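Okay, here's what each chain looks like letter by letter:
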Amino acid sequence: MNPQATLSGAFLQSAGSTLPDALKTMRQQRATALADMPVPTRKTENWKYSSRHLQLDDSLAGTLVGGSSNTAFHNGDAYRVVIRNGQLDLDASELPDVSGVEVLAFRNLEDADAAQLAERLDNTLDSKAVQFARLNSARFEDGLLIRLAKNAVLDKPLFVFCENGGDKAGSAYPRIYVEAGQHSQLTLVEEYTSVGEAQALVNTVTEFSLADGANITSVRLTIEGQQTQHIGATAARLQANARFESHCVGFGGPLRRHDLRVCLEGKGAECKLNGVAVTQGQQHLDNHTVIEHVAPHCESEESYRNIAADKSHAVFNGRIHIHPDAQKSNANMSNKNLLLSTGAEIDTKPELEIYADDVKCAHGATVGQLDEESLFYLVSRGIDRKEAGTLLSMAFINELIEQIPVEPVRDAAHARLVRFIEQSFEGA
Amino acid sequence: MLSIKNLHASVEGKEILKGINLEIKAGEVHAIMGPNGSGKSTLSQVLAGNDAFEVTSGEVTLNGENLLELETEERAREGVFLAFQYPVEIPGVSNIQFLRTAVNSMRKHKGEPEMSAVEFMKLARETSKQVDLNPDFLKRGVNEGFSGGEKKRNEIMQALLLQPKLAILDETDSGLDIDALKVVADGVNALRAQDRAILMVTHYQRLLDHIVPDYVHVLAGGKIIKSGGKELALELEERGYGWLGIDEDAAK
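Peer 1: Got a sec to walk through helix 8 (residues 231-239) of chain B? Specific residues and values, please.
Peer 2: Residue and element names in this part refer to chain B. Along helix 8, the positions that sit buried rather than exposed are Leu232, Ala233 and Leu236. Seen end-on, helix 8 carries its buried residues on one side only, within an arc spanning 105°. Along helix 8, exposed side chains directed more than 90 degrees from the buried face belong to Glu231 and Glu238. Where helix 8 is buried, its residues meet strand 3 (29-33), helix 7 (207-210), strand 11 (215-220) and strand 12 (223-228). Where helix 8 ends, the next residue or the one after it, Gly240, has phi of about 75°, a positive value.

And the structure:
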């Protein structure tokens with residue numbers, strides 16, 4: 001690819017959609033501003049390791065349609081929203097009827113609400129850092145808006161099933177915006193899956209705006225097919241004493257990229273970010289996280305772990321930025337990596353930028369292999385190597401999986417990880 | 001049952017075992033004693049199949065089957081069990097999960113149905129009492145935060161669960177106080193059976209007060225230099241290794 005290339009104009013043609021005018025206008029403005037967006041190359045710092053896996057052929061520019069699905073969305077005791085190729089499927093959804101909680105489709109918003117949303121979309125993002133979030137803003141055709149009034153509590157988790165794929169190549173732009181009022185509370189589970197066989201680009205943006213004391217738990221699973229490139233962004237802005245907890249579980253693909261940005265803007269805000277990623281074969285997965293400590297007395301705790309097998313490649317880039325006024329910040333970041341084969345590659349880069357003098361910051365990154373002594377101990381008890389390797393690999397990530405607060409998601413993620421890792425040891 | 005003929009083994013190019021010959025029949029308990037560095041632990045590890053050690057020549061058979069051709073896990077399934085001198089801690093894998101996986105691997109090998117979690121929990125609880133381990137240990141990570149004595153008891157518990165044909169106990173007495181030593185010895189004595197051979201590797205004689213061996217061998221400089229009955233252990237305790245012409249310091 002020509003290193004000077006800008007995004008093909010084909011990606012900036014929004015399909016007609018039923019969005020309210022205010023959102024259509026906003027989208028058009030974003031598209032215009034994007035016209036000269038350079039496609040990331042090896043020289044683009046935040047895409048250094050992933051640009052060569054990025055495939056932006058014009059055939060992917062059109063919106064994905066079709067991709068018949070018989071998926072039964074089981075989610076136990078929870079509410080449900082189904083988003084197919086970026087469009088909310090309200091018939092397949094099971095919306096909450098809880099006072100102070102609104103779950104709405106962008107396309108159904110009243111004009112005033114749409115105008116307000118158009119003002120707010122993108123306001124959690126650092127658009128320079130997440131190029132592809134801008135593309136989503138130029139292309140989304142519908143979206144999920146969740147509004148929680150002051151003190152509103154959603155009693156059960158809300159599952160968002162994002163299913164993408166089509167009969168022919170294309171892209172989808174799922175969009176979620178959560179507006180959490182003071183002391184409101186929500187657990188949101190996003191699950192990204194694929195249908196169909198056609199090549200797909202899935203470009204997501206999920207934004208959380210947390211007022212004082214709001215408390216949000218976000219769980220994000222990407223378990224898409226090998227025909228799907230996934231480029232997602234999640235961003236949260238926290239006012240005073242708000243709390244944001246995130247659990248990401250990612251399975252490898254031709255390209256899996258997730259940018260997570262948390263901005264601690266109000267005094268006493270805190271976040272906890274956990275991530276687990278597994279790759280095998282030729283897969284590539286890249287997690288970029290940024291935590292902005294803007295206000296004093298905020299806390300962040302981050303732990304990401306990767307397991308890379310075969311010739312796969314996993315990337316972690318974690319940045320903590322302590323602003324000058326953010327005294328008494330407490331930030332802790334850890335990234336641990338496990339290589340299951342000599343052909344696998346992990347690149348990890350913790351970055352601390354500190355402009356305040358009274359802070360506690362710690363970061364650490366490790367890359368290792370399975371412990372030979374532990375492996376010998378297990379096989380000396382008759383356990384075969386595949387099972388022993390799987391047990392030890394799961395031991396490496398279990399601590400994080402166990403913290404996923406929604407039981408059916410935790411169990412399903414665990415079972416899926418075991419199957420994935422077993423495959424990594426097959427024929428090894 | 002176990003037949004070792006002229007076994008030579010080295011680690012990182014250095015020869016440690018220099019021609020071991022040993023025959024152990026079913027039902028017998030043998031003790032191998034010797035100063036530090038004589039090759040006792042190497043022998044245990046080689047028998048279990050640790051590929052950090054290279055067997056350069058010789059033959060080892062278990063009931064006529066060539067052990068040296070088998071992978072570690074295959075040896076275990078054929079009935080070889082090594083109680084480690086230093087059992088490894090594996091945080092993140094629970095003891096109960098580990099034990100059940102091991103037992104079910106053996107059962108699968110023998111064509112027996114796997115044990116359910118509930119069924120196995122019952123068995124594991126009973127067995128843990130036999131070695132005086134609190135059943136709470138089952139929920140913890142494998143050997144994680146266990147004291148030296150608890151680790152050794154956990155090893156014996158595994159032997160009781162896996163019911164091996166050949167149990168090799170590598171310095172199972174080291175680091176144990178007298179009460180723990182008795183518990184471990186009771187466990188080992190419970191393993192004694194007509195169809196099972198036990199090979200104890202030890203530096204000290206005191207374990208042999210509690211587990212009385214049928215034969216005692218002295219290993220020094222990578223070879224067995226003397227064999228005898230249980231009285232040989234007492235003699236070693238009294239006289240040390242010097243009378244056998246072993247310089248303990250030089251052996252290290």
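Following the structure, the description resumes.
Peer 1: An account of the side chain of Asn95 of chain B is needed here, citing residue identities and associated values.
Peer 2: With respect to the helices, strands and loops of the structure, Asn95 of chain B is situated in helix 3 (residues 95-109). Apart from the residues within four sequence positions on either side, Asn95 of chain B is in contact with Phe137, Leu138, Arg140, Gly141, Val142, Phe146 and Asn154 of chain B.

Peer 1: Please set out the pattern of salt bridges residue by residue, giving values where relevant.
Peer 2: As enumerated under the stated definition, the model contains 30 salt bridges over all chains in all. Across the salt bridge formed by Glu265 of chain A and Arg237 of chain A, the nearest N and O atoms sit 3.0 Å from each other. A residue pair is termed long-range when its members are at least 10 positions apart, and Glu265 of chain A in the loop between strand 13 (255-264) and strand 14 (270-279) and Arg237 of chain A in strand 11 (residues 228-238) qualify at 28 residues. In this structure Arg237 of chain A comes out as partly exposed when scored by relative accessible area, which is 25%. A salt bridge links Glu155 of chain B to Arg381 of chain A; the shortest N-O distance between them is 2.7 Å. Separated into two different chains, Glu155 of chain B in helix 5 (residues 148-162) and Arg381 of chain A in the loop between helix 4 (372-379) and helix 5 (385-401) make up a pair that spans both. As far as the burial class goes, Glu155 of chain B and Arg381 of chain A line up, both buried. One salt-bridge network, in which partners are shared between bridges, spans Arg30, Asp122, Arg175 and Glu207 of chain A.

Peer 1: Let's hear about unusual backbone geometry: which residues, and what values?
Peer 2: One non-glycine residue, Asp310 of chain A, lies in positive phi territory at about 50°. With respect to the helices, strands and loops of the structure, Asp310 of chain A is situated in the loop between strand 16 (299-308) and strand 17 (313-322). Relative accessible area serves as the criterion here: at 32%, Asp310 of chain A is assigned to the partly exposed category. Positioned with a positive phi, Glu12 of chain B is a non-glycine residue whose angle comes to about 45°. Following the sequence through the fold, Glu12 of chain B ends up in the loop between strand 1 (2-11) and strand 2 (14-24). Taking the relative accessible area as the measure of exposure, Glu12 of chain B reaches 82% and is therefore exposed.

Calculation notes
Residues numbered from 1 in each chain as written. Chains lettered and ligands numbered in written order. Predicted model: local features only at pLDDT ≥ 70, side-chain atom pairs only at ≥ 80, totals over all residues. Heavy atoms only, no water. Buried < 20%, exposed > 50% of the residue type's maximum accessible area, 1.4 Å probe, protein only. Helix = DSSP H or I, 4+ residues; strand = E, 2+ residues; numbered from the N terminus. Arc of directions from axis to C-beta. Contact = heavy atoms within 4.5 Å. Salt bridge = Lys/Arg side-chain N within 4 Å of Asp/Glu carboxyl O.

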